[in-house]
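Fold and geometry: a report
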Amino acid sequence: MLVASNTSPISNLAIIGRLDLLRTQFREICIPRAVKAELDRLVYPSALKAIQRALGQGWIKLRPLREDKMARRLEATLDPGEAEAIALAIELQADVVLLDEADGRSAAESAGLRVTGVLGVLLQAKKKGEIQLVRPELEALRSRARFFVSPRLQENVLKVAGE
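Below is a summary of the structure that appears in this document. (Residues numbered from 1 in each chain as written. Predicted model: local features only at pLDDT ≥ 70, side-chain atom pairs only at ≥ 80, totals over all residues. Heavy atoms only, no water.)

Let us look at unusual backbone geometry. Phi angles above zero are rare outside glycine, and Arg 27 is one such case at about 65 degrees. The backbone of Arg 146 shows a phi angle near 60 degrees, a positive value even though the residue is not glycine. If you trace the backbone, Arg 146 turns up in the loop between helix 9 (135–144) and helix 10 (151–161). The class for Arg 146 is exposed, based on a relative accessible area of 67%. (Helix = DSSP H or I, 4+ residues; strand = E, 2+ residues; numbered from the N terminus. Buried < 20%, exposed > 50% of the residue type's maximum accessible area, 1.4 Å probe, protein only.)

Right under this line is the structure:
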């Protein structure tokens, strides 16, 4: 499965000590330069170390864009990491792109890309038995990573998780 990612899914899962979920679900994740630059600026030492280890092990791979015209166009409304992740997913004809922010998800879906994010990864992890409950992981995201989840979205995710 070919996967491209923005910063948020990688950094947030690393912050809560669950970066391994990306490896087990996708095996290999491609990131563009802008995402790598954003990850390098992460201020959580243990998360940064986990990400650097994943890059060293080669299951998170830096894949520079061959052509950046689309990314530059997308940057009119998205941040550089989101724009390049979407452009990379299109270039690679990725099976999925990992994005959390609503604007980026909308742009990716408009481009015909299949999108998932941290919450989708957690739901899949529960389904596969990789985690027992979504709720404590969601609480860790909110408290440790400062990940915003609206009350309505949280309720929907927990309902889907059967919690």
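The next point concerns the packing of helix 8 (residues 118–127) against helix 10. Where helix 8 contacts helix 10, the two axes come as close as 10 Å, and the packing angle between them is 20 degrees. Between helix 8 and helix 10, the angle is such that the two are roughly parallel. By crossing handedness, the relation of helix 8 to helix 10 is classed as right-handed. Within the contact between the two elements, helix 8 uses Leu 119, Leu 123 and Lys 126 and helix 10 uses Leu 153, Val 157, Val 160 and Ala 161. Residue composition of the contact of helix 8 with helix 10, grouped by class: six nonpolar, no polar and one charged. (Axes fitted to C-alpha atoms, helices over the stretch in contact; angles between N-to-C directions. Parallel < 35°, antiparallel > 145°, perpendicular 65-115°, else oblique. Left-handed = near helix turned anticlockwise from the far one by under 90°. Contact = heavy atoms within 4.5 Å. Nonpolar A, V, L, I, M, F, W, Y, C, P; charged D, E, K, R; others polar.)

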